[in-house]
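Overview (structure and organization)
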Amino acid sequence: MQLSEQNTYNIQGIDPHQLIEDFGSPLYVYDGSTIKRKVSELQHAFAGINMKIKYACKANTNLSILRLMREIGVELDVVSPGELEIGMLAGYAANQITFTPSGVPFEEVKTAVDAGAIVNIDSIPLLKWFGQTYGNTKPCLIRIKPNVAAGGNIKIMTAHADSKFGISVLLLDQILDVVKKYDIKIVGLHQHTGSDIKDAEPFLQVADILFEAAKHFPDLEIIDLGGGFKVSYLPGDAITDMDLLGRKITERFKKFCSEYGRELQLWFEPGKFLVSESGFLIVNATVVKEDPARNFVHVNSGLNHLIRPMMYGSYHHILNLTNPGGEPKVYNVVGYICETDTFATDRTLPEVSPGDALAFLNAGAYGLTMSSNYNARMRPAEVLIDNGAAKLIRRRETIDDLLLTQIEI
Ligand code: LLP
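The rules behind the values
- Residues numbered from 1 in each chain as written.
- Predicted model: local features only at pLDDT ≥ 70, side-chain atom pairs only at ≥ 80, totals over all residues.
- Heavy atoms only, no water.
- Helix = DSSP H or I, 4+ residues; strand = E, 2+ residues; numbered from the N terminus.
- Rg over C-alpha atoms; globule rule 2.2 N^0.38 Å.
- Buried < 20%, exposed > 50% of the residue type's maximum accessible area, 1.4 Å probe, protein only.
- Contact = heavy atoms within 4.5 Å.
- Axes fitted to C-alpha atoms, helices over the stretch in contact; angles between N-to-C directions.
- Parallel < 35°, antiparallel > 145°, perpendicular 65-115°, else oblique.
- Left-handed = near helix turned anticlockwise from the far one by under 90°.
- Core = buried A, V, L, I, M, F, W, Y, C linked by side-chain atoms within 4.5 Å.
- Domains from an automatic or database assignment.
- Near = heavy atom within 4 Å.
- Polar contact = N/O pair within 3.5 Å; in protein donor to acceptor, adjacent residues only side chain to side chain.
- Areas by Shrake-Rupley, 256 points an atom, 1.4 Å probe, with all protein chains shown as cover.
- Nonpolar A, V, L, I, M, F, W, Y, C, P; charged D, E, K, R; others polar.
- Salt bridge = Lys/Arg side-chain N within 4 Å of Asp/Glu carboxyl O.
- Expected span 1.5 Å × (residues − 1).
- Arc of directions from axis to C-beta.
- Phe/Tyr/Trp six-rings, centres within 6.5 Å; stacked < 30°, edge-to-face > 60°.

**Overview of the overall build of the chain**
If you tally the helices and strands in the chain, you get 12 helices and 20 strands. Scaling as 2.2 N^0.38, a compact globule of 409 residues should have a C-alpha radius of gyration of about 22 Å, and the chain matches this with 23 Å. Summarising its shape, the C-alpha atoms of the chain cover approximately 70 × 60 × 40 Å along the three principal directions. A burial count over the chain gives 54% of its 409 residues as buried.

Here it is as structure tokens:
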């Protein structure tokens, strides 16, 4: 989103008010040029090694976003048969897709493997089942839990000792026994540290743990370091310095490869880093309530559309698109759901009047994919702006969509 000299906001030259006019409100809007920029930032940072990006599509599964990713050489990480199907519908070949399940029924793993995807095994029971089912006929990766606590928020940390994710590195002997017993073809080691990780240090720490474990697996082709790069939610927020991270990891990875005796691929699975900044949730102020305790701005949206503030206490920057130069005033920005659905507390915004268009920033990741129909509210439409043209990529839901699966008896 740019602020022009005339003090009006635009996305690739398009006025968001025009988008509301054309597509309605509330509205998810994605800027394709930002996604392309983020992908090339990552590619640039790791240019010295054989690095593959596997977009963690749980962040945003719109088919048009996935097609865009595919066109610019990004592959896919999925966590369910549904995401696998959406990925293939977007034109991905199954062998470009990694399935990274978390305690799923084994039939789901079978669906993914039989379709041709590669799987990250996340438990000893699944490893045994995989060995019994496929022996050495299908390759797989093992998701290691390195027991490292890193990340911005306990709810999105995944590599600490108490986390449910992966197989603890302390169980390496057991892993090796099972692998040997069934002659399982382990082609990669995987780990995902968590989300919102700013510094290079935790990535290096877990990389070293994987490199150490890797010595026990002679047939590796891949080291997968997951996702989790920190993006800027607050203006001026410190984010992952991708060039620095790239330099440090590349150096360490090259050393590891030469010790291992072979050039391996290094995979990353970012979600947020690729799509968060590209997305805006555009809403309208409905009621401005001057309460003795607080000024409330209600908007025509709520935790049903963007749950991150209520779920993680996340900060999403808010712009007043209609009155950017207005007098600063302090508000609680709240939704229309019959729950306390506070988007922002004590937020200074240019004065808001009913009807003003507001934009929540960083809504491209974990926005619509975590939305719901709570209070029988419809999900917003989605628009992708690419090469200067705004296109509808998901229509707004209707009451018929809500009732589609109900059966009257
Ligand atoms: N790989 C695996 C195995 C994951 O579980 C995740 C995210 C990612 C990659 C991508 O992480 P990212 O690069 O997006 O941080 N809903 C939360 C984030 C939790 C994501 C869960 N797994 C949020 O809105 O902050």
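That was the structure; now back to the text.
**Focus on the environment of I86**
By the element assignment, I86 lies in helix 4 (residues 81-89). Overall, the relative accessible area of 27% leaves I86 in the partly exposed class. Between the alpha carbons of I86 and F217 there is a distance of 33 Å; along the sequence they are 131 residues apart. Setting aside chain neighbours within four positions, we find I86 in contact with T61, L63 and L66.

**A word on the packing of helix 2 (residues 32-45) against helix 3 (residues 63-71)**
Relative orientation and spacing of two packed helices are given, respectively, by the angle between their axes and the distance between those axes. Look at helix 2 against helix 3: their axes get within 11 Å of each other, and the N-to-C directions meet at 40°. Classed by the angle they form, the pair helix 2 and helix 3 counts as oblique. Here the hand of the crossing between helix 2 and helix 3 comes out right-handed. When helix 2 is examined against helix 3, the residues G32, I35, K36 and V39 are found in contact with a partner set consisting of I65, L68 and M69.

**What about the nonpolar core?**
Grouped together as the largest cluster of nonpolar side chains are 99 residues, with contacts concentrated most on F46, Y55, L189 and I223. The dominant element in this core, judged by the number of residues it contributes, is helix 8 (residues 200-214), at eight residues. Here this core spans two domains, and each of domain 1 (16-29 + 276-403) and domain 2 (32-273) adds at least three residues to it. Setting aside its immediate chain neighbours within four residues, Y55 contacts N60, I65, L66, M69, V74, E75, L76, D77, P270, G271, L274 and V275. Grouped together as the second largest cluster of nonpolar side chains are 18 residues, L319, A357, L361 and V383 included.

**Points about the site of the ligand**
Taken together, 17 residues surround the ligand, and among them S195, E269, K272, R308 and Y366 come closest. Contact between the ligand and G228: an oxygen atom at 2.8 Å from a main-chain N or O atom of the residue. R308 places a polar side-chain atom, nitrogen or oxygen, 2.6 Å from an oxygen atom of the ligand. In isolation the ligand exposes 580 Å². Once the protein is present, 92% of that is buried. Class assignment for the residues of the shell around the ligand results in six nonpolar, six polar and five charged. Lining the shell around the ligand are residues from two domains, each supplying at least three of them: domain 1 (16-29 + 276-403) and domain 2 (32-273).

**A closer look at the pattern of salt bridges**
Evaluation of the coordinates by the stated rule reveals 19 salt bridges. With its nearest N and O atoms 3.0 Å apart, the salt bridge here joins E212 to K215. Judged by its relative accessible area of 46%, E212 falls in the partly exposed class. A residue is classified by how much of its surface remains accessible, and K215, at 54% relative accessible area, is exposed. We note a salt bridge from R294 to D346, for which the minimum N-O separation is 2.4 Å. In this pair, R294 sits in the loop between strand 13 (279-290) and strand 14 (295-299) while D346 sits in strand 17 (residues 342-350), placing the two residues 52 residues apart along the sequence. What makes R294 partly exposed here is its relative accessible area of 30%.

**A short note on the environment of S276**
In this structure, S276 sits in the loop between helix 10 (272-275) and strand 13. For the pair S276 and H298, spaced 22 residues apart in sequence, the C-alpha separation works out to 24 Å. Not counting the four nearest positions on each side in its chain, S276 is found in contact with V231, Y233, N362, A363, G364 and A365.

**Section: the packing of helix 5 (residues 106-115) against helix 6 (residues 124-134)**
The contact between helix 5 and helix 6 brings their axes to 11 Å, and the two run at 50°. On the basis of their axis angle, the class for helix 5 and helix 6 is oblique. Remark: the crossing between helix 5 and helix 6 carries right-handed chirality. Counted together, F106, V109, K110, V113 and D114 of helix 5 and P125, L126, W129, F130 and Y134 of helix 6 form the full contact between these two elements. When the residues that make up the contact of helix 5 with helix 6 are grouped by side-chain class, the tally is eight nonpolar, no polar and two charged.

**Points about the domain arrangement of the chain**
Taken as a whole, the chain is organised into domain 1 (16-29 + 276-403) and domain 2 (32-273). The gap between the C-alpha centroids of domain 1 and domain 2 is 32 Å. On the side of domain 2, 24 residues touch domain 1, which itself brings 22 residues to the contact. Scanning the region where domain 1 abuts domain 2 turns up three salt bridges. K36 is paired through a salt bridge with D386; the nearest N and O atoms lie 2.9 Å apart.

**With respect to helix 2**
With 14 residues, helix 2 extends 20 Å from end C-alpha to end C-alpha; this agrees with the ideal 20 Å at 1.5 Å per step. All buried positions along helix 2 are accounted for by G32, T34, I35, K38, V39, L42 and A45. For helix 2, the arc enclosing every buried residue in end-on projection is 165°, short of the 170-degree limit, so these residues lie on one face. In this fold, the buried residues of helix 2 make contact with strand 3 (27-31), strand 4 (51-56), helix 3, helix 9 (242-260), helix 10 and strand 19 (381-386).

**Side note on the packing of aromatic side chains**
Going through the model one piece at a time under the given rule, you end up with 13 aromatic pairs. An angle of 10° between the planes, with centres 4.4 Å apart, marks the rings of F211 and F256 as stacked. Linking F211 in helix 8 with F256 in helix 9, this pair joins segments that are 45 residues apart in sequence. Of the two residues examined, F211 and F256, each falls in the buried class. Geometrically, the ring pair formed by F343 and F360 is tilted, given 4.4 Å between the ring centres and 40° between the ring planes. Of this pair, F343 sits in strand 17 while F360 sits in strand 18 (residues 357-360), placing them 17 residues apart in sequence.

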